[in-house]
Amino acid sequence: MNSPGELFSGAVAPSESERSRSTAPPPGPAASRSNPRMSATPAAKETILVVDDEASIRRILETRLSMIGYQVVTACDGEEAIEAFRRTGPDLVVLDVMMPKLDGYGVCQELRRESDVPIVMLTALGDVADRITGLELGADDYVVKPFSPKELEARIRCVLRRVEKEPASGIPTTGVIQVGDLRIDTNKRQVFQGDERIRLTGMEFSLLELLVSRSGEPFSRGEILRQVWGYTPERHVDTRVVDVHISRLRSKLEQDPANPELILTARGTGYLFQRIVDTPSPEPRTAPVATEGA
């Protein structure tokens, strides 16, 4: 397992006073409110659940995230993570992969059965397939160890911002888009197939909203990554985040995900949503007027 020095290379080490504060027991929902003296910015309402089996990582992330205004709850293994999640209802989960009792993949699966909460995974696994597994199970993003806390903080801000984002330009003023029996409500950030609601995570919805905002026009993977995830791809594997989320969207929206009709692949470019054609509403039918002798 990587040492704390490796995991936080390039990061500012916590002071003695920060270390003494960070050794307090994991806060409950009321006790976890950030100390306003620790931050020059107003306290945010968002609560973040940090799950990692390394105490040093939990302490440093708890200290740093509290200092920038988040409420922080911590857990040291998968089973404790699920209990803490149900008890506190966090706005975002930072989830390590390699943990005792129940690993991060198992926790991610369990959370996705009951919630669309944003999940950012931490992984020290070098293989690309291992990194992608978390995304396929429903995570919104991942950060590779060793990492800078500043990078993780930026990812957290971006994910939370996208979840609460205003509708993209190009969306009708009503905020509702109808494509066949698919209804996309950008005001409530909900999607319906007929009368049935389709559950999407915040990032899945943001990706769908971006695609329909310029229906019929292709987006490159890099452009999608910048607009939805908020960072520029530095490695080829970064754009796999987009590919996995497209696959997840297709599995939820398409009748036949292997032969998509809504979310199409623009070969050599990226992806696009089928062109949405505005069609006038049909004129209401009037009953025929009865005549004498008919």
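Here we summarise the structure given alongside this text. (Residues numbered from 1 in each chain as written. Predicted model: local features only at pLDDT ≥ 70, side-chain atom pairs only at ≥ 80, totals over all residues. Heavy atoms only, no water.)

### Here's the deal with the sheet that holds strand 9 (residues 196-198)
To be explicit about the condition: Strand pairing requires that DSSP identify at least two bridges connecting the strands. Runs of H or I in DSSP of at least four residues are treated as helices and runs of E of at least two as strands, each being numbered from the N terminus. Only the contacting stretch of a helix is used when fitting its axis, a line to C-alpha atoms as for every element, and angles between N-to-C directions run 0 to 180 degrees. Contacts between residues were defined by any pair of non-hydrogen atoms, one from each residue, lying within 4.5 Å.
Pairing within the open sheet is antiparallel, and its four strands lie in the order 6-7-8-9. Only two strands of the sheet have a single neighbouring strand rather than two, namely strand 6 (176-179) and strand 9. Taking the axes of each pair of neighbouring strands and ignoring which way they run, one obtains an average angle of 25° across the sheet. Bridge count for strand 7 (residues 182-185) against strand 8 (residues 190-193) is four bridges, and the pairing is antiparallel. Paired with Ile184 across the two strands is Val191, which belongs to strand 8. Where helix 10 (residues 240-253) meets the sheet, its contacts fall on strand 7, strand 8 and strand 9, and the angle it forms with strand 8 comes to roughly 40°.

### So, the packing of aromatic side chains
The criterion, for reference: Stacked, edge-to-face and tilted are the three classes for Phe, Tyr and Trp ring pairs, Trp counted by its six-membered ring, which pair at centre distances within 6.5 Å; planes under 30 degrees apart are stacked, over 60 edge-to-face, the rest tilted. Whether a charge sits over a ring depends on NZ of Lys or CZ of Arg being within 6 Å of the ring centre and within 35 degrees of the ring normal.
A complete count under the given rule lists zero aromatic pairs for this structure. When the ring centre of Tyr231 is taken as origin, the NZ or CZ atom of Arg155, which lies over that ring, is 3.8 Å away.

### A few points about the packing of helix 9 (residues 221-229) against helix 10
Our working definition: Convention used here: angles under 35 degrees read as roughly parallel, angles over 145 as roughly antiparallel, angles from 65 to 115 as roughly perpendicular, and any remaining angle as oblique. Charged residues are taken to be Asp, Glu, Lys and Arg, nonpolar residues to be Ala, Val, Leu, Ile, Met, Phe, Trp, Tyr, Cys and Pro, and polar residues to be all remaining types, Gly included.
Viewed as axis vectors pointing N to C, helix 9 and helix 10 meet at an angle of 80°, and their least axial separation amounts to 9 Å. With respect to helix 10, the axis of helix 9 lies roughly perpendicular. Between helix 9, through Arg221, Ile224, Leu225 and Trp229, and helix 10, the contact on the second element is made entirely by Val241, Val242, Asp243 and His245. In terms of residue class, the contact of helix 9 with helix 10 is made up of five nonpolar, one polar and two charged.

### Things to note about helix 10
The following threshold applies: Helix span, as expected, comes to 1.5 Å for every residue beyond the first. Partly exposed describes any residue whose relative accessible area lies between the buried limit of under 20% and the exposed limit of over 50%, with all areas from a 1.4 Å probe on protein chains only and scaled to the type maximum.
The end-to-end C-alpha separation of helix 10 is 20 Å, in line with the 20 Å expected for 14 residues at 1.5 Å each. Within helix 10, ten of the 14 residues are buried, leaving the element largely enclosed by the surrounding structure. Every buried residue of helix 10 is accounted for by Val241, Val242, Asp243, Val244, His245, Ile246, Arg248, Leu249, Arg250 and Leu253.

### Overview of the pattern of salt bridges
Two side chains of opposite charge can pair, provided their charged atoms sit close to one another. Heads up, the condition is: What counts as a salt bridge is simple: a side-chain nitrogen of Lys or Arg found within 4 Å of a carboxyl oxygen of Asp or Glu.
This model, assessed by the stated rule, comprises 19 salt bridges. Of the charged contacts in the structure, one is a salt bridge between Glu153 and Arg64, with a shortest N-O distance of 2.8 Å. Highlighted residues: Glu153 in helix 7 (residues 149-163) and Arg64 in helix 3 (residues 55-67), separated in sequence by 89 residues. One salt bridge connects Arg155 with Glu151, and the closest N-O pair in it is separated by 3.2 Å. Of the two residues, Arg155 and Glu151 are both situated in helix 7; the distance of four residues between them amounts to about one turn of the helix. By relative accessible area, which is 10% here, Arg155 ends up buried.

### Focus: empty space enclosed by the protein
In plain terms, the rule: Definitions used for this entry: grid spacing 1 Å over protein atoms alone; cavity, a set of points where a 1.4 Å probe fits but cannot get out; pocket, an open set with protein on both sides within 12 Å along at least 5 of 7 lines; lining residue, one with an atom within 4 Å of a point. Grid points are joined across faces, edges and corners, and a volume is the space filled by probe spheres set on the points.
Enumeration according to the criterion identifies one cavity of 30 Å³ or more in this entry. Space inside the largest cavity adds up to approximately 50 Å³. Going through the elements one at a time, strand 4 (119-123), helix 6 (128-136) and strand 5 (141-144) are the ones with two or more residues in the lining of the largest cavity. Examining the composition of the lining of the largest cavity, we find that four residues originate from one element, helix 6, more than from any other.

### Remarks on the packing of helix 6 against helix 10
For any two helices packed against each other, the geometry comes down to the angle between their axes and how far apart the axes lie. We apply this condition: Should the near helix be turned counterclockwise from the far one by less than a right angle, the crossing is left-handed, whereas a clockwise turn marks it as right-handed.
The geometry of helix 6 relative to helix 10 is characterised by a closest axis approach of 10 Å and an angle of 40° between their N-to-C directions. What the angle tells us is that helix 6 and helix 10 run oblique. Crossing hand, helix 6 versus helix 10: right-handed. Between helix 6 and helix 10, the contacting residues are Val128, Ile132, Leu135 and Glu136 on the first element and Arg240, Val241, Val244, His245 and Arg248 on the second. Grouping the constituent residues of the contact of helix 6 with helix 10 by class yields five nonpolar, one polar and three charged.

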